[in-house]
Amino acid sequence: MNFLPEERNDEVKEKSGFDFKIILIGLLIFLVAMGASYFMLKSLIAPFMPEEEKKGTKELTANLVSAGEFTTNINDPAGNRFVKVEVYIEVEDKKKVEEINKFMPVIKDTILSILSSKTATDLDVRYREKLKAEIKDRLNQKLGEEIILNVYFTSFIMQ
């Protein structure tokens, strides 16, 4: 009669060890299945995801040309406000820098005309990007091609 209880203890010990192995194997299979399904879904969905726009992250070309410092009265009814701005122009390559320098009087006149036609509200910080875009577009229009990539203000004082 002593053999029966001992055999039952052995069986119980084997069962508890066997359950732990099943849990570990199940957990391992679950983790592998989750990883595989992540990579599979990622590769299946990738063609439908929009690509990141590279327009917002333009790289500088290091071809900056100083257009100079401009001091002019602004379009103010009282006529006693002025703006002082230092402008730099970014161009595509070094060959275009020489072309820009040839047309510098036209560029300066265009920038001066744009600045003097603006009101104090138009020159507000909130509208600076719009002002830069307008200067860029008008200069490219005058030059006859898309030479100018960007316009930068290194100082901007309005009084």
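This text goes with the structure placed above it.
Owing to the predicted nature of the structure, the values given are computational and were not obtained by experimental measurement.

(A) View of the overall build of the protein chain. A count of helical and extended segments in the protein chain gives four helices and three strands. N-terminal to C-terminal, the α/β element order of the protein chain is α-β-β-α-α-α-β. Split into buried and exposed, the 159 residues of the protein chain put 22% on the buried side. For the protein chain, the accessible surface area stands at approximately 12200 Å², while carbon and sulfur atoms represent 59% of it.

(B) Seen up close, the packing of helix α3 (residues 104–116) against helix α4 (residues 128–143). Where α3 meets α4, the axes come as close as 10 Å, and the angle between the chain directions of the two elements is 140 degrees. By the angle class used here, α3 and α4 are oblique. Crossing geometry of α3 relative to α4 is assigned as right-handed. The segment α3 lies against α4, with Val-106, Ile-107, Thr-110, Ile-111, Ile-114 and Leu-115 engaging Leu-131, Glu-134, Ile-135, Arg-138, Leu-139 and Lys-142. Of the residues belonging to the contact of α3 with α4, the class tally is eight nonpolar, one polar and three charged.

(C) Inspection of the sheet that holds strand β1 (residues 64–73) at higher detail. Ordered by their spatial adjacency, three strands build an open sheet running β1-β2-β3, and the pairing between neighbours is antiparallel. Of all the strands in the sheet, the pair left with one neighbour each is β1 and β3 (148–158). For this sheet, the mean inter-axis angle between neighbouring strands, taken without regard to orientation, is 20 degrees. Bridge count between β1 and strand β2 (residues 82–91): nine bridges; the pairing is antiparallel. Bridge pairing links Thr-71 to Lys-84 in β2. On top of the sheet, α3 reaches β1 and β2; it is set at about 40 degrees to β1, its chief contact.

(D) Quick look at the packing of aromatic side chains. Inspection of every chain in the model, using the stated rule, returns two aromatic pairs. Ring geometry for Tyr-38 against Phe-39: centres 5.1 Å apart, planes inclined by 70 degrees, an arrangement best described as edge-to-face. Taking relative accessible area as the criterion, Tyr-38 reaches 48% and is therefore assigned partly exposed. Under the relative-accessibility criterion, Phe-39 is labelled exposed at 56%. The ring of Phe-156 has Arg-128 lying over it, and the distance from NZ or CZ to the ring centre is 3.5 Å.

(E) Representation of α4. Over its 16 residues, α4 extends 22 Å from the first C-alpha to the last, a length consistent with the 22 Å expected when each residue adds 1.5 Å. Looking at the buried positions of α4, the neighbouring elements they touch are β2, α2 (94–102), α3 and β3. With its phi angle positive at about 90 degrees, Gly-144 sits one or two positions after the end of α4.

Quick notes on the rules
Residues numbered from 1 in each chain as written. Predicted model: local features only at pLDDT ≥ 70, side-chain atom pairs only at ≥ 80, totals over all residues. Heavy atoms only, no water. Helix = DSSP H or I, 4+ residues; strand = E, 2+ residues; numbered from the N terminus. Buried < 20%, exposed > 50% of the residue type's maximum accessible area, 1.4 Å probe, protein only. Areas by Shrake-Rupley, 256 points an atom, 1.4 Å probe, with all protein chains shown as cover. Axes fitted to C-alpha atoms, helices over the stretch in contact; angles between N-to-C directions. Parallel < 35°, antiparallel > 145°, perpendicular 65-115°, else oblique. Left-handed = near helix turned anticlockwise from the far one by under 90°. Contact = heavy atoms within 4.5 Å. Nonpolar A, V, L, I, M, F, W, Y, C, P; charged D, E, K, R; others polar. Pairing = 2+ DSSP bridges. Phe/Tyr/Trp six-rings, centres within 6.5 Å; stacked < 30°, edge-to-face > 60°. Lys NZ or Arg CZ within 6 Å of the ring centre and 35° of its normal. Expected span 1.5 Å × (residues − 1).

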